[in-house]
Amino acid sequence: MIGMIRAEQLCKTFIRNEEKKKRSFLKPQKDKTEFYAVDHISLEVKEHEILGVLGPNGAGKTTLLRMLGKLMQPSEGRVIITDSKEHEITNTIEMKKKIGYLSGNTKLYHRLSSRELLLMLGEIYGLSKVECEKRISEIFQILDMSSFGDNRIEKLSTGQTQRISIARCLIHKPSIYIFDEPTLGLDIISSDGIIEFMKAEKEQGKSVIYSTHYMEEAQFLCDRIILLNNGKIIAEGTPKSLMEQTRTNNIRETFHEIMKRGAVI
């Protein structure tokens, strides 16, 4: 076993400013109200598994992923990551070493080449120069980056830049991937390359948490799917089981049917 990730009753609260006007001659007043962006979510992702996270804008997907990736502290609940012997990892730095996190707004050093960026990150993760160079060669082959790996990042296409963002997540050989809309805005060839990469990593025993707005991707790629709305899980299951429960033909139709019902299934 490589390891797995689990969330127990995970919550995140924020303060919302609401404008209220009690009488016409009074200036609008702002009341502060607390709300759950993520509301008591429990889940588990094992090795050899891809979990899809779906939901409308504002459902809490990114907040959930950031807490799972140890980038945001939950208001309640906890995230548990285990090692290959199923022992819980308690050291935050060691937990982060297990994770490869890709967000939709990843920033890169545009004046560096992919190779230079990965060498720098490998050093941060404590890899020797020999180990790092070997790993970079492997990554260039996995993501088909050899043709542009020594070009400045600022000169590359959107698809090439996204591959570098993913490469950044691979350098330390994580056992858990958390990807927040990794194919957003990419052409079909670049998207297919990333999807095939995730399938290959799953076969290697990795755990993948994958958020997307593309329903066809989720149906094709994911072993299980959770659907979020207003910070809560309102549906969970395999693509097949969710389609059967809603009597729909594809996950796009399933998504609309569940949202229309507005109830947990």
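Heads up: the structure comes first, above all this text.
Every chain is numbered on its own, with residues counted from 1 as its sequence reads. Local features in this predicted model are restricted to residues of pLDDT 70 or higher, and side-chain atom pairs are both shown and tallied only at a pLDDT of 80 or more, whereas totals for entire chains, interfaces and linings draw on every residue. Water and hydrogen atoms were dropped before computing side-chain values, which therefore reflect all heavy atoms in the structure.

Caption draft 1: How the structure looks around the overall build of the protein chain. Helix and strand content of the protein chain: 9 helices and 9 strands. The globule rule puts the C-alpha radius of gyration for 265 residues at 18 Å, and the 20 Å found for the protein chain is close to it. When its C-alpha atoms are laid out on the principal axes, the protein chain stretches across 70 × 50 × 40 Å. Relative accessibility under 20% of the residue-type maximum defines a buried residue, over 50% an exposed one, and the middle range a partly exposed one, all with a 1.4 Å probe and only protein chains included. By residue count, 47% of the 265 residues in the protein chain fall in the buried class. Partitioning the intrachain contacts of the protein chain with sequence separation of at least 6 by distance along the chain shows that 69% fall at a separation of at least 24. When charges are counted, neither His nor the chain ends are considered; positive counts come from Lys and Arg and negative counts from Asp and Glu. All charge positions are set by atom: Lys at NZ, Arg at CZ, Asp at CG, Glu at CD. Side-chain charges of the protein chain comprise 40 positive and 36 negative groups, with the mean position of each set lying 7 Å from the other. Numbering of helices and strands runs from the N terminus, with a helix taken as a DSSP run of H or I at least four residues long and a strand as a DSSP run of E at least two residues long. Values of the radius of gyration come from C-alpha atoms, whereas the globule rule sets the reference at 2.2 Å times the count of residues to the power 0.38. Contacts were defined at the residue level, with two residues in contact if any of their heavy atoms lie within 4.5 Å.

Caption draft 2: Layout of the sheet that holds strand β3 (residues 49-54). Note: two strands are recorded as paired if DSSP finds a minimum of 2 bridges between them. Strand order in the open sheet formed by 6 strands is β5-β6-β7-β3-β8-β9, and the pairing between neighbours is mixed. Each edge of the open sheet carries a strand with a single partner, namely β5 (99-102) and β9 (232-237). Here the average twist between neighbouring strands, direction ignored, is 15°. Most of the contacts of helix α5 (residues 158-170) go to β5, to which it runs at about 160°, and overall it touches β5 and β6 (176-180). Structural elements are reduced to axes, namely lines fitted to C-alpha atoms, with helices fitted over the stretch in contact, and the angle between N-to-C directions of any two is expressed from 0 to 180 degrees. Contacts between helix α9 (residues 251-261) and the sheet are confined to β3, β8 (224-229) and β9, with β8 contributing the most and set at about 35° to the helix.

Caption draft 3: Layout of the pairing of β3. When you tally the buried positions in β3, you get 6 out of 6 residues, the bulk of the element. Residues Glu49, Leu51 and Val53 point to one face of β3 and Ile50, Gly52 and Leu54 to the other, with burial holding for every one of them. Alignment of β3 against strand β7 (residues 207-211), held across 5 bridges, turns out to be parallel. In the strand pairing of β7, Glu49 is matched with Ser207. In this structure, β3 lies alongside β8, joined through 4 bridges in parallel fashion. Residue pairing in the sheet places Leu51 in a bridge with Arg224 of β8.

Caption draft 4: Structural context of the pattern of salt bridges. Salt bridges are counted wherever a side-chain nitrogen of Lys or Arg sits within 4 Å of a carboxyl oxygen of Asp or Glu. In this structure the tally under the stated criterion is 18 salt bridges. With its nearest N and O atoms 3.0 Å apart, the salt bridge here joins Arg224 to Glu236. Taken together, the residues span a long stretch of sequence, with Arg224 in strand β8 and Glu236 in strand β9 at a distance of 12 residues. Counted as one network, the salt bridges with shared partners bring together Arg6, Glu8, Glu44, Lys46, Arg78 and Glu88.

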